[in-house]
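# Summary of structural features
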Amino acid sequence: MTLDALPDIPRWYTGLSEWAAALVYISLMRRRVHGVRFLLIAAAALAALIGMQLLAGMLPISLWVPGMAMATLLMFGFIAMCADVPLAGAGYLTARAFVLAELVASLEWQLWVHWMPEEPTLKHGLGTFLASLALLAVAYGVGFGTTRFAERRNFPPNDDLHVGRASLISTIAITGATFLVSNMSFAVSNTPFSGTGALDIFYIRTLVDLAGFVALFSQQSHRSQVRRAMELAETQLVMQHQHEQYLQSKRNIDELNRMHHDLQYYVSAIRAEESAARRSEYLTELESTIRGYETEIKTGHRFLDIILSSKMERCLQHGTSMTNVVDGAALEFVDLPRLSVLFGNALDNAIEACAQIADQDRRIIKVSAFQQRDFVMIRIENFWDREVDFVHGIPRTTKADRHRHGYGTGNMRRVVESLGGSITFSVEASWFRVRILIPTAPRSSAGDAAPQPVSVVAGMAATDQL
């Protein structure tokens, strides 16, 4: 049986399939428009897609691909107008919807020509025509309904769908390859990948479309798993830091209760002391003791407050002075795992470095973060009067087991680069300095909006400056 002996998919079937596929992904997203306005846009999109397909059917085969490209642009416009997602996200959804439309339309038509190799029209009788419409409704309903149910896990409610360049390009590449291979037999019949019989050509088209859809589904499943892993890591970090802050608050309260009990003896001893120098020494000691429990830091960023407060406690335990001038609001766009890697690693390194300095007056750490135009500058400095070896701009760890240490600053660099920024390490005038510059509208260097989970545990445990 030759290809000419079997009719191809009616053009209005294809237009309807493209409209329904776009509607599936619009329904999974937060919508821009609602009510009557949405219904009007949807009706206009249905008419435009069917009309575009009917027009493409009148064009010569050489204009077939441009015709499909115009239909794809109409799908993109429909999704971009109705789904509250960025343009890159609309393109990502359009590519997925296009492959889904091709798959469902091809599967439904393959079922029809298996039973009746004729185009369903009224000339074959009203019963045959109604049967074709019933099959169309059932196949499209099951196909698109099942897809929407399956995709709900991949696209959670209110997902902003920030798709990076890499994900968008790979999705478009999969879509383009799927379309070209699945329809190759209709344009060229003498290739190793072309079918010879008409039914073989239909089978190839359906199977290739199915493979393309499975590839796109798997891609989005992976992105969803990465996002959930990041959310879980963030939740665990919040709980860990909050637990540490609770324990510190409890210790502070117990100690303050003890100090309150002993305070009357301190006051009596100070009043009884005749030497002004000794009284001043007692007051300084008392002030230092009280200051040791003022570890709570307020920057305007809840997560950053927890991180800095826990590091302040460590500083006090090691006899290190830490000052901070941090505008937490400027770092609102940075998530908790990245904040933990940046500030956690830098401050852990600084605290351990200061612990090696004999003169306690020189155990000093300075932390600052502020916005300057379209950038956020982070500076973390500590006193360090010794040599530091650098390898490709990163300080080499001096710990004996280098296979288990020295990953922290590497993680910091990867995080900063993922935000489109830069980081430098230097030693200047007996001060070790970490400078980080991040644009306030960060770009993902990997091009993916669902970044790979950061190795927070490895990063927090590494000490590279020492």
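Everything in this summary refers to the structure shown in the same document. (Residues numbered from 1 in each chain as written. Predicted model: local features only at pLDDT ≥ 70, side-chain atom pairs only at ≥ 80, totals over all residues. Heavy atoms only, no water.)

### Some thoughts on the pairing of strand E2 (residues 364-372)
Pairing between strand E1 (residues 321-326) and E2: six bridges, direction parallel. Note on E2: the bridge partner recorded for Val-325 is Ser-368. Note that the unit made of E1, helix H11 (residues 336-355) and E2 has a crossover that is left-handed. Across eight bridges, E2 lies against strand E3 (residues 375-383) in antiparallel orientation. (Pairing = 2+ DSSP bridges. Helix = DSSP H or I, 4+ residues; strand = E, 2+ residues; numbered from the N terminus. Right-handed = clockwise from strand over helix to strand, strands pointing away.)

### Overview of the pattern of salt bridges
Using the criterion set out here, one finds 10 salt bridges in the structure. Across the pair Asp-84 and Arg-30 runs a salt bridge, and its minimum N-O distance is 3.3 Å. Here Asp-84, found in the loop between helix H3 (64-82) and helix H4 (87-115), pairs with Arg-30, found in the loop between helix H1 (11-28) and helix H2 (35-58); they are 54 residues apart in sequence, far enough to count as distant. You can call Arg-30 partly exposed: its relative accessible area is 28%. For the salt bridge of Glu-428 with Arg-435, the shortest nitrogen-to-oxygen distance reads 3.3 Å. On the basis of relative accessibility, which here comes to 31%, the residue Glu-428 falls in the partly exposed class. Overall, the relative accessible area of 26% leaves Arg-435 in the partly exposed class. Connected via shared salt-bridge partners are Glu-381, Glu-428, Arg-433 and Arg-435. (Salt bridge = Lys/Arg side-chain N within 4 Å of Asp/Glu carboxyl O. Buried < 20%, exposed > 50% of the residue type's maximum accessible area, 1.4 Å probe, protein only.)

### A few points about the side chain of Thr-94
Within the secondary structure layout, Thr-94 lies in helix H4. Sequence-distant contacts of Thr-94, defined by excluding residues within four places in its chain, comprise Thr-72, Met-75, Phe-76 and Ile-79. (Contact = heavy atoms within 4.5 Å.)

### Some words on the sheet that holds E1
Remark on secondary structure: sheet strands pair via backbone hydrogen bonds, oriented parallel or antiparallel. Strand order in the open sheet formed by five strands is E1-E2-E3-E7-E6, with mixed pairing between adjacent strands. Of all strands in the sheet, those with a lone pairing partner are E1 and strand E6 (422-428), marking the two edges. Between one strand and the next, the sheet's axes are offset by a mean angle of 10 degrees, whatever the strand orientation. The sheet contacts of helix H10 (residues 302-317) involve E1 and E2, and relative to E1 the element is tilted by about 160 degrees. Running over the sheet, helix H12 (residues 408-418) touches E6 and strand E7 (431-439) and is turned about 140 degrees from E6. (Axes fitted to C-alpha atoms, helices over the stretch in contact; angles between N-to-C directions.)

### What about the pairing of E3?
Most of E3 sits out of view: seven of its nine residues are buried. Connecting E2 to the antiparallel partner E3 that follows it, the hairpin turn spans two residues, and Arg-373 within it adopts a positive phi of roughly 60 degrees. In the sheet, E3 pairs with E7 via nine bridges, with the strands oriented antiparallel. By the bridge assignment, Phe-383 is partnered in E7 with Trp-431.

### With respect to the packing of H2 against H3
The geometry of a pair of packed helices is captured by two quantities: the angle between their axes and the separation between those axes. Between H2 and H3, the least distance of the axes is 9 Å, while the angle of their chain directions is 175 degrees. Taken together, the axes of H2 and H3 lie roughly antiparallel to each other. Counted together, Phe-38, Ile-41, Ala-42, Ala-45, Ala-48, Leu-49, Met-52, Gln-53 and Ala-56 of H2 and Gly-67, Met-68, Met-70, Ala-71, Leu-74, Met-75, Phe-78, Met-81 and Cys-82 of H3 form the full contact between these two elements. Of the residues assigned to the contact of H2 with H3, the class counts are 16 nonpolar, two polar and no charged. (Parallel < 35°, antiparallel > 145°, perpendicular 65-115°, else oblique. Nonpolar A, V, L, I, M, F, W, Y, C, P; charged D, E, K, R; others polar.)

### Topic: the nonpolar core
In terms of nonpolar packing, the biggest core is built from 53 residues, with Tyr-25, Phe-78 and Tyr-140 touching the most fellow members. Sorting the residues of this core by element identifies H1, H2, H3, H4, helix H5 (126-151) and helix H8 (198-272) as the ones contributing at least two each. Sorting elements by how many residues they give to this core places H4 first, with 14 residues. (Core = buried A, V, L, I, M, F, W, Y, C linked by side-chain atoms within 4.5 Å.)

### Regarding the packing of aromatic side chains
Evaluated as defined, the whole model comprises seven aromatic pairs. When the ring of Tyr-13 is compared with that of Trp-109, the centres are 5.9 Å apart and the planes differ by 85 degrees; the resulting orientation is edge-to-face. A residue pair is termed long-range when its members are at least 10 positions apart, and Tyr-13 in helix H1 and Trp-109 in helix H4 qualify at 96 residues. You can call Tyr-13 buried: its relative accessible area is 1%. Taken together through their ring pairs, the aromatic side chains of Trp-12, Tyr-13 and Trp-109 make up a single cluster. One residue, Arg-31, lies across the ring of Phe-38, its end atom 4.2 Å from the ring centre. (Phe/Tyr/Trp six-rings, centres within 6.5 Å; stacked < 30°, edge-to-face > 60°. Lys NZ or Arg CZ within 6 Å of the ring centre and 35° of its normal.)

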